[in-house]
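# Notes for the structure review
One letter stands for each residue in the lines below.
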Amino acid sequence: VTYSRVLLLIKLVAVLGYAGGLVAAFVSSAPAERKRAVHHIASPALVVVWLSGVLLTLEQSVPFTEPWIAGGLVLSLVSQLALVHSVTRDLQSRGAFFAAALPLAAVLYLMIFRPTWDSLRADSRAVTTGATP
Amino acid sequence: LNPLRDLRFVALLEGLSLAVLLFVAMPLKHLAGLPLAVRIVGSAHGLLFLVFCAALYRVALERRWPLKRSLLALFWSVVPLGFLVLDRSLRDELEKSEEA
């Protein structure tokens, strides 16, 4: 068991906590329950995700400016703001759900495929020259 | 939990981390050749800034702040030592809301 693996496990549990809070905020019908799901489950879980993510980038010496790190931070913030907006304004529409869930899905995409500036530059060069990357 | 009190606490931490980054970590990097200080304090500051944005958005929505008030709070959070101004205005608002 290494330090990175422990951090990854904590991050995974926290991501599940955030996703659970997000779903609970849209499944519950009582506004107080929805607020509790966001402010007591999803938001603290997201802070843990950010903290473990920052510690992982420090441990692995990954620059914060890489698209998969910076994009993940910004998109997760967008998801959280949309979630807070939906419970404060008591919105439970499909649009409100997707406004919070789609940025989260995009973060998961970034975390899996981990695009870097080098890989994006190589891809764009391949597209302009017609070669396969 | 009072969201305004949470925001005041986070704003203080965020402002202090910016001050430490600018006045301690950056001189350590550029004058003493210790880049690790910026890496650590910069990471902490980035994390605190995200938490500050989330807390600010919640307070702005719940207390129906005008856009100008929210933007001003954001402005003071990125100005070195601006957190002192922001803390004073948040403290005044908190005292008023507790009196009411």
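In this text the structure is predicted, and so the values were computed from the model without any measurement. (Residues numbered from 1 in each chain as written. Chains lettered and ligands numbered in written order. Predicted model: local features only at pLDDT ≥ 70, side-chain atom pairs only at ≥ 80, totals over all residues. Heavy atoms only, no water.)

### A short note on the overall build of chain B
Operational definition: Helix numbering and strand numbering both begin at the N terminus, where a helix is a DSSP run of H or I of at least 4 residues and a strand a DSSP run of E of at least 2. Contact definition: two residues touch when any of their heavy atoms are within 4.5 Å. Under the convention used here, a 1.4 Å probe and the Shrake-Rupley method define accessible areas, while residue burial counts only the protein chains that appear. Counting rule applied: Lys, Arg positive; Asp, Glu negative; His and chain ends not counted. In plain terms, the charge of a residue is placed at NZ if it is Lys, CZ if Arg, CG if Asp and CD if Glu.
On a plain count of helices and strands, chain B comes out with 4 helices and 0 strands. Ordered by position from the N terminus, the helices and strands of chain B form the series α-α-α-α. Here the C-alpha coordinates of chain B stretch approximately 50 × 25 × 20 Å along the principal axes. When contacts within chain B are restricted to residue pairs at least 6 apart in sequence, long-range pairs at least 24 apart make up 69% of them. Of the roughly 5,800 Å² that chain B leaves accessible, carbon and sulfur atoms contribute 70%. Each charge sign in chain B was given a centre, from 12 positive and 9 negative side chains, and these centres are 6 Å apart.

### Quick word on the interface of chain B and chain A
Rules: The term buried area means the drop in 1.4 Å probe accessible area that two parts suffer when joined, counted for both and summed. What counts as a salt bridge is simple: a side-chain nitrogen of Lys or Arg found within 4 Å of a carboxyl oxygen of Asp or Glu. Identification of polar contacts relies on pairs of N or O atoms within 3.5 Å, with a donor-acceptor requirement for protein atoms, meaning one able to donate a hydrogen and the other able to accept it, and with residues adjacent in sequence counted only if both atoms are side-chain atoms.
Residue-level contacts link 12 residues of chain B with 19 residues of chain A. Counting the surface lost from both chain B and chain A, the interface buries some 1,500 Å², and carbon and sulfur atoms represent 72% of this. Here chain B is connected to chain A by 0 salt bridges. Remark: the boundary between chain B and chain A carries 4 residue pairs in polar contact (both at pLDDT 80 or more).

### Notes on the side chain of A:Ser43
Residue and element names in this part refer to chain A. Along the chain, serine 43 turns up in helix H2 (residues 31-60). Here glutamine 80 takes part through its side chain, which lies 2.7 Å from a polar atom of the side chain of serine 43. Those residues in contact with serine 43, other than ones at most four positions away along the chain, are Val38 and Gln80.

### Overview of the nonpolar core
Going by this rule: Grouping buried Ala, Val, Leu, Ile, Met, Phe, Trp, Tyr and Cys residues that are joined through side-chain atoms within 4.5 Å yields what is termed a nonpolar core. Each residue is placed in one exposure class: buried if its accessible area under a 1.4 Å probe, protein chains only, is under 20% of its type's maximum, exposed if it is over 50%, and partly exposed if it falls in between.
Within the largest apolar cluster, 43 residues are counted, with the highest numbers of intra-cluster contacts made by A:Tyr18, A:Leu22, A:Leu83, B:Leu7 and B:Trp65. The set of elements that each furnish at least two residues to this core consists of helix H1 (3-27), H2, helix H3 (67-88) and helix H4 (94-113) of chain A together with helix H1 (3-32), helix H2 (35-62) and helix H4 (83-99) of chain B. In terms of residue count, H2(B) provides more of this core than any other element does, 11 residues in total. Not counting residues within four places of it along the chain, the set of residues in contact with A:Leu22 comprises A:Ala42, A:Ser79, A:Leu83, A:Phe97, A:Ala100, A:Ala101 and A:Leu104.

### Things to note about the pattern of salt bridges
One pass over the structure, following the stated rule, counts 7 salt bridges over all chains. For A:Arg34, the salt bridge goes to A:Asp90, with nearest N and O atoms at 3.2 Å. With a gap of 56 residues between them, A:Arg34 in helix H2 and A:Asp90 in the loop between H3 and H4 connect regions that are remote in the sequence. Of the charged contacts in the structure, one is a salt bridge between B:Glu93 and B:Arg69, with a shortest N-O distance of 2.9 Å. Of this pair, B:Glu93 sits in helix H4 while B:Arg69 sits in helix H3 (residues 67-78), and the two are 24 residues apart along the sequence. Take B:Glu93: its relative accessible area is 17%, and that puts it in the buried class. Connected via shared salt-bridge partners are B:Arg63, B:Arg69 and B:Glu93.

### Notes on the side chain of B:Ser70
Tracing the chain through its elements places B:Ser70 in helix H3. Excluding anything up to four places from it in sequence, B:Ser70 contacts B:Leu56, B:Ala60 and B:Trp65.

### Let's talk about the environment of A:Ser93
Residue and element names in this part refer to chain A. In this structure, serine 93 sits in the loop between H3 and H4. Classification of serine 93 as partly exposed rests on a relative accessible area of 41%. Each C-alpha atom, one on serine 93 and one on alanine 37, is 17 Å from the other, the two residues being 56 residues apart in sequence.

These figures come from the coordinates and say nothing about function on their own.
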